[in-house]
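# Notes for the structure review
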Amino acid sequence: MSILFEHADILITEENGFSEIKNGYLGVSGKKIDYIGACPPQGAYDETRDFSNKLLMPGLINTHCHAAMVMLRGLGSDLPLQEWLFEKMMPVEDRFTAPTIKAASDLALLEMIGTGTTSFSDMYFFCDATVRACLDAGIKANIARPIQCFDPNETYETSVRAAEAAELFKEYNGAGEGRILIDDSIHAEYTCNETIARAHAEAAGARGSRMHIHLSETKKEHEECIRKYGKTPAKWFADLGAFDIPAFAAHCVWVSDEDIALLAEKGVSAVHNPSSNMKLGSGFMPIDKMMKAGVNVTLGTDGAASNNNLNMFEELHLASIIHKGHMLDSTAVKCTETLRMATLNGAKLQGRPDTGALKVGNCADIVAIDLDRPHLFPNNDTVGLICYSAQGSDVCMTMADGKILYENGEFLTLDREKIMQNARDAQKLLY
Ligand SMILES: [Zn+2]
């Protein structure tokens with residue numbers, strides 16, 4: 001199957017920043033982009049589409065998510081963090097079953113695909129249900145079963161979570177023609193002991209996966225770790241070997257200058273989650289210092305419980321404005337940098353070098369924005385338009401691996417009505 005998009009504006013990722021082809025042509029053959037240019041290509045395509053007044057851009061990559069937490073959306077607004085977590089989130093989470101996770105993951109995928117996400121990195125439980133949802137949908141995903149331990153007598157050998165993580169990797173890594181990758185995860189310093197964390201980093205290294213963690217999200221977490229271990233969470237993870245494999249850390253709000261240098265040295269990607277950090281009052285990631293140190297910074301929504309949606313356009317918007325206000329500097333954290341975080345940097349984090357940019361030979365992971373909207377006119381700066389003006393609802397097509405998943409309100413791989421009904425049924429059982 002091959003498709004040619006004609007008369008589209010096409011956003012090209014350059015070494016520094018982005019350039020644009022106006023009224024151009026982009027060809028997709030099978031899973032790959034096989035043509036980009038200002039003039040029509042030579043060969044014939046099975047299908048030709050007039051994409052006048054539409055912008056083609058790389059699909060968005062959400063690098064920190066707990067997709068199934070959509071079922072917790074809106075619970076406990078504006079409460080103190082501990083109360084929100086222990087009294088509102090956890091009692092409902094305890095009632096989650098595999099069918100709940102499947103229904104919730106499907107719901108999350110409708111939202112992500114409909115707002116231009118083509119790949120995401122997830123950390124939660126009953127992961128096989130989320131994997132199956134992703135396989136049905138045709139989206140790309142890096143899925144991890146996080147390790148936590150609350151029983152002091154637990155060993156790595158007796159850890160049910162460790163066994164599940166190993167099983168998940170064996171069963172699904174590379175599934176869906178490589179659209180599914182299985183990562184590993186140590187949930188956080190404060191939810192795991194050193195022995196089990198070290199053993200899990202070793203296991204992940206042995207099977208060649210990536211390590212997905214939460215890092216220094218709150219001041220309390222960061223300071224308690226220093227009191228308990230005499231070192232920061234970043235140093236704790238590094239000393240246990242978790243950064244000796246490709247790793248990525250969500251939040252990184254309270255990391256020290258030494259931590260930032262360590263992340264840069266070890267090649268650990270840092271995921272910025274502006275909605276979640278603002279909503280939970282966690283603070284501002286020192287993103288400017290991170291970029292200057294050469295850390296690969298990416299963007300994520302976190303779960304919908306602390307966001308409250310999975311719309312990457314909101315993260316682009318917030319990441320592009322909050323640091324300017326916080327630093328009293330309108331030149332800080334440019335939109336060309338945040339868009340790179342949400343695309344190319346995310347692809348690097350996920351270990352997917354053939355995505356994240358519109359380029360011949362890359363996977364056709366493409367989003368189209370409908371420019372024929374009042375709030376998107378005039379277009380004096382395309383990247384600024386994406387980051388400061390566009391909404392997730394401006395997405396008019398989402399394609400992953402050359403397959404159209406969503407177009408003009410219609411989902412082509414998912415049954416929207418059935419998924420909404422399943423979600424309503426799941427919600428009745430939860431509450
Ligand atoms: Zn998280």
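Scope of this entry: the structure provided in the associated data block. Bear in mind the structure is a predicted one, so any value in this text is a computation, not a measurement. (Residues numbered from 1 in each chain as written. Predicted model: local features only at pLDDT ≥ 70, side-chain atom pairs only at ≥ 80, totals over all residues. Heavy atoms only, no water.)

### Examining the nonpolar core
Here is the rule we go by: By nonpolar core is meant a set of buried Ala, Val, Leu, Ile, Met, Phe, Trp, Tyr and Cys residues that side-chain atoms within 4.5 Å join together. Accessibility here uses a 1.4 Å probe with only protein chains present; expressed as a share of the type maximum, an area under 20% marks a residue as buried, one over 50% as exposed, and anything in between as partly exposed. The contact criterion used throughout is that any non-hydrogen atoms of two residues lie within 4.5 Å.
Grouped together as the largest cluster of nonpolar side chains are 113 residues, with contacts concentrated most on Leu109, Phe120, Met290 and Leu339. If near-sequence neighbours (up to four positions away) are discounted, Leu109 is found in contact with Gly114, Phe120, Ala133, Cys134, Ala137, Ile139 and Leu414. If you look at the next biggest cluster of nonpolar residues, it comprises 20 residues, including Ala8, Ile21, Ile33 and Ala364.

### Quick notes on helix α5 (residues 194–207)
For clarity, the cut-off: The helix and strand labels rest on DSSP assignments: H or I over at least four residues marks a helix, E over at least two residues marks a strand, and numbering proceeds from the N terminus. Expected helix span is given by 1.5 Å per residue-to-residue step, counting one fewer step than there are residues. To obtain the arc, one takes the directions from the helix axis to the C-beta atoms.
Here α5 is 14 residues long and its end C-alpha atoms lie 20 Å apart, about the 20 Å a rise of 1.5 Å per residue gives. Those residues of α5 that sit buried are Ile196, Ala197, His200, Ala201, Ala203 and Ala204. Buried residues of α5, seen end-on, are gathered within an arc of 165° and therefore sit on one face of the element. Facing away from the buried side of α5 by more than 90 degrees, the exposed set consists of Thr195, Glu202 and Ala206. On its buried face, α5 is in contact with β8 (140–147), α4 (160–172), β9 (180–186), β10 (211–215) and α7 (233–239).

### Quick word on the sheet that holds strand β6 (residues 60–65)
Worth spelling out the cut-off: If DSSP finds at least two bridges between two strands, the strands pair. Only the stretch in contact is used when a helix axis is fitted, and all axes are lines through C-alpha atoms; the angle between N-to-C directions ranges over 0 to 180 degrees.
The 8 strands lie next to each other as β6-β7-β8-β9-β10-β11-β12-β13, forming an open sheet whose pairing is parallel. With one partner strand each, in any of the chains shown, β6 and β13 (297–299) form the two edges of the open sheet. In this sheet, neighbouring strand axes are inclined to one another by 25° on average, regardless of whether the strands run parallel or antiparallel. Where β9 and β10 come together, 3 bridges link them in parallel fashion. Residue Ile186 lies in a different strand from β10, and its bridge partner there is Ile213. In the packing of helix α3 (residues 127–137) onto the sheet, the strands contacted are β7 (117–123), β8 and β9, and the crossing angle to β8 comes to about 180°.

### Points about the coordination of the zinc ion
Note on metal geometry: ideal angles are 109.5 degrees for four donors arranged tetrahedrally and 90 or 180 degrees for six donors arranged octahedrally. Heads up, the condition is: Keep in mind that water is not among the atoms, so a site may look incomplete; donors are the N, O and S atoms within 2.8 Å of the metal, or 3.2 Å for Na, K and Ca.
Coordination of the zinc ion by the protein comes from His64 (NE2), His66 (NE2), His214 (NE2) and Asp302 (OD), over a distance range of 2.1 to 2.4 Å. Each donor residue of the zinc ion belongs to the same chain, and together they define the spacing H-x1-H-x147-H-x87-D. Placement of His66 in the loop between β6 and α1 (81–93) and of Asp302 in the loop between β13 and α11 (312–327) is noted, with a sequence separation of 236 residues between them. Residue Asp302 is classed as buried on the basis of its relative accessible area of 4%.

### Some details on the pairing of strand β11 (residues 247–251)
Selection criterion: A crossover gets the label right-handed when its path from the first strand over the helix to the second runs clockwise, viewed with the strands pointing away from the viewer.
Burial runs high along β11: 5 of the 5 residues are buried. In the sheet, β11 pairs with strand β12 (residues 269–272) via 3 bridges, with the strands oriented parallel. Residue Phe248 lies in a different strand from β12, and its bridge partner there is Ser269. Regarding topology, helix α8 (residues 257–266) serves as the crossover connection from β11 to the parallel β12, and that connection is right-handed.

### A word on the pattern of salt bridges
Selection rule: Any Lys or Arg side-chain nitrogen found within 4 Å of a carboxyl oxygen on Asp or Glu counts as a salt bridge.
For the coordinates displayed, the defined rule picks out 29 salt bridges. Across the pair Lys231 and Asp239 runs a salt bridge whose closest N-O atoms are separated by 2.8 Å. Salt bridges sharing partners connect three or more residues here, namely Lys31, Lys140, Glu177, Arg179, Asp365 and Asp401.

### Regarding the packing of aromatic side chains
In plain terms, the rule: Think of it this way: a Phe, Tyr or Trp ring, Trp meaning its six-membered ring, pairs with another when their centres are within 6.5 Å, and the plane angle makes it stacked under 30 degrees, edge-to-face over 60, tilted otherwise. Charge-over-ring contacts are defined here by two conditions on Lys NZ or Arg CZ: a distance within 6 Å of the ring centre and an angle within 35 degrees of the ring normal.
Enumeration according to the criterion identifies 9 aromatic pairs in this entry. Between the aromatic rings of Phe96 and Phe125, the centroid separation amounts to 6.3 Å while the plane-to-plane angle is 40°, which identifies the pairing as tilted. In this pair, Phe96 is assigned in the loop between α1 and α2 (98–114) and Phe125 in the loop between β7 and α3, connecting sequence segments 29 residues apart. Between Phe125 and Phe126, the ring centres sit 5.7 Å apart and the planes meet at 55°, which makes this aromatic pair tilted. Taking relative accessible area as the criterion, Phe126 reaches 34% and is therefore assigned partly exposed. Through a chain of ring-to-ring contacts, three or more aromatic side chains come together here, namely Phe96, Tyr124, Phe125 and Phe126. Above the face of the Phe51 ring, Lys54 is positioned so that its terminal group lies 5.5 Å from the ring centre.

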